[in-house]
Amino acid sequence: MINPNSISRKDFIKSSSILLASTCLLSAERTIADENVDRFSGQTLILKNVRLETGFEYDEDEVIKTKTELFIIEIEDGKVKNVLPNNPNAKAIDAKGLLMLPAFRDMHIHLDKTYYGLPWQAHLKKNRSVKDMIAFEQQIIPELLKTSIPRSEKLIELLQSYGTSYARSHVNIDPTSGLDSLKHLETALLHKKKSFQAELVAFPQHGIYYTKSAELLKEAAKMDIDFIGGLDPTSIDGGIEKHMDFVVQLALDHGKGIDIHLHESGESGLKTIEYLIDKVMENPALKGKTYVSHAFALRYLDKTKTEEIAEKLGAAKMGIASTIPLSGNPMPIPALYKYGVEVVAGNDCIVDHWNTFGTGSILQKANIAAQIYGYRTEFELSRILKLATGNILPLDDNGKRLWPNAGDKANLVLVDASCSAEAVSRVSPIKSLIHNGNLVF
């Protein structure tokens, strides 16, 4: 007989489905239909029969299952107020034994660029290189801008349907769109502010000097953005120093972080990473605020060089944002973790002119990573969940509960937990019961 409080992660992965994102709870309070629950005043919510991870079960020294128990969770003003012993008779929203996990975070996406919401269009084979794509964008952006606000909102809703409540979005800053892509995305995010948050990267998709975007980036840096971006400095702008020096100085001048796109996989890619490491070490204010997205050069280093670069990245407190690519050599994520490098994951492009594919599920990226690195054990799968949650885990490595606690932001999802623990290896699409921002039981 299966014990619902201690079931294998593998079974959970097969049967889990996300039902709601709690960042939608507060805005959807009036849509909750439960005859046993009094209407709550203000922004207070009480949930009963909430399942939380509470520890590991061992066979000798191996973690074989994840323990769970039921609790009452009180949420007030967007934060967890209390985590209390369960009372099934309490007047509260019945979570019906669903497992609570940290809400998912997509940390590399382009919310301003998608065909989602438009008629189907596949990628064009003539667009092979980044420069090909720049030329293509110069043609299509004026038309896409006409509907970019509602399409961004639809894409946000897609992410929410998979349990994502937070994203880091790169947004085009280029001579074709000017600052309009940024302004339009800001409008879309304003419309979704009660249920979705994002940090923005001013991204020179057409190069800083290749299309003369430097002055536009300076203007964008004065706006409500969080990071200064960059793009393949050698192949697009013809050299590392001028491009990267501009990015670094602009970030320092305006107190922003850095998140650059680096697809270059050869020597130029490695040199760019090393150059940026040196700049961050020279400017400690950038530690913990600097990321390299894609960083494909790391995939083709020998073991010694990989360890060397991973150690330097760790010392500089620089992060890597990866889409967990399926083709080619795998990203050396285990080596990065070894040296304390922050690794975050993102969907990148979703059915747009860059990529025909993309589901919107960041949990799927954790699934792919688990398969790539051969993670099969209960413990390994419990750890790789952090790729989907922005490095927040319910349990530490010893099985002690880390999350949630009173005072934590109420960014969470509830998933069908006919077995315990995280849905890391789930393969099939996750269906949501969020409809137009309304919570449905």
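Residues numbered from 1 in each chain as written. Predicted model: local features only at pLDDT ≥ 70, side-chain atom pairs only at ≥ 80, totals over all residues. Heavy atoms only, no water.

You'll find the chain entered in an unreviewed UniProt entry as Deaminase, with Pedobacter kyonggii given as the organism.

So, on to the packing of helix α8 (residues 267-282) against helix α9 (residues 303-315). Packing of α8 against α9 brings their axes to within 10 Å, and their N-to-C directions diverge by 30 degrees. By the angle between their directions, the pair α8 and α9 is classed as roughly parallel. As for how α8 packs across α9, the hand of that crossing is left-handed. Counting all contacts with α8, which are made through Leu270, Ile273, Glu274, Ile277 and Met281, the residues of α9 involved are Lys305, Glu308, Ile309, Lys312, Leu313 and Ala315. (Axes fitted to C-alpha atoms, helices over the stretch in contact; angles between N-to-C directions. Helix = DSSP H or I, 4+ residues; strand = E, 2+ residues; numbered from the N terminus. Parallel < 35°, antiparallel > 145°, perpendicular 65-115°, else oblique. Left-handed = near helix turned anticlockwise from the far one by under 90°. Contact = heavy atoms within 4.5 Å.)

With 15 residues, helix α7 (residues 240-254) ought to run about 21 Å at 1.5 Å a step, and its terminal C-alpha atoms sit 21 Å apart, in line with that. Turning to α7, its buried residues number three or more, namely Ile240, His243, Met244, Phe246, Val247, Val248, Leu250 and Ala251. Where α7 is buried, its residues contact α5 (214-221), β11 (227-231), α6 (233-237), β12 (257-262) and α8. Just past α7, the residue glycine 255 takes up positive phi, approximately 65 degrees. (Expected span 1.5 Å × (residues − 1). Buried < 20%, exposed > 50% of the residue type's maximum accessible area, 1.4 Å probe, protein only.)

Next up on the list: the environment of aspartate 408. The topology assignment puts aspartate 408 in the loop between α13 (386-389) and β16 (412-415). Counting along the chain gives 328 residues from aspartate 408 to valine 80, while the straight-line C-alpha distance between them is 5.4 Å. Look past the residues within four positions of aspartate 408 in its chain and what remains in contact with it is Lys79, Val80 and Trp403. From its side chain, aspartate 408 meets the backbone nitrogen of asparagine 405 in a polar contact 2.7 Å long. (Polar contact = N/O pair within 3.5 Å; in protein donor to acceptor, adjacent residues only side chain to side chain.)

In this structure, tyrosine 115 sits in the loop between β8 (104-109) and α2 (130-144). Other than its neighbours up to four places away in sequence, tyrosine 115 contacts Gln121, Phe136, Ile140, Leu144, Ile350, Val351, Asp352 and His353.

For helix α3 (residues 148-161), built from 14 residues, the straight-helix expectation of 20 Å at 1.5 Å per residue is met to within 8% by its first-to-last C-alpha distance of 20 Å. Taking burial as the measure, the 14 residues of α3 include 10 buried ones, the bulk of the element. Glycine 163 lies just past α3 and shows a positive phi near 90 degrees.

What follows covers the confidence of the model for the chain. Looking at the chain as a whole, its pLDDT mean stands at 84, while 84% of the residues score no less than 70. Residue range residues 418-441 is modelled with pLDDT below 50. Its contacts to residues more than four positions away, or to other chains, number 90 contacts. (pLDDT = per-residue confidence, 0-100.)

What follows concerns the layout of surface pockets. Of the voids in this model, the largest pocket is the one considered here, and its volume is about 770 Å³. Taken together, 30 residues form the lining of the largest pocket, with His294, Thr323, Asp348, Cys349 and Asn355 sitting closest to its centre. Elements that contribute at least two residues to the lining of the largest pocket include exactly α2 and α11 (363-372). It is α11 that provides the largest number of residues to the lining of the largest pocket, a total of three residues. Considered class by class, the residues forming the lining of the largest pocket number 11 nonpolar, 15 polar and four charged. (1 Å grid on protein atoms, 1.4 Å probe; cavity = no way out; pocket = protein on both sides within 12 Å on 5 of 7 lines; lining within 4 Å. Points joined across faces, edges and corners; volume = space filled by probe spheres on them. Nonpolar A, V, L, I, M, F, W, Y, C, P; charged D, E, K, R; others polar.)

Below, the discussion takes up the sheet that holds strand β9 (residues 164-172). What the eight strands build is an open sheet, ordered β8-β9-β10-β11-β12-β13-β14-β15; its pairing is parallel. Each of the sheet's edge strands pairs with one partner strand only, and the pair in question is β8 and β15 (343-345). Ignoring strand direction, the axes of neighbouring strands in this sheet form an average angle of 25 degrees. As paired strands, strand β13 (residues 290-294) and strand β14 (residues 319-322) are joined by three bridges and run parallel to one another. (Pairing = 2+ DSSP bridges.)

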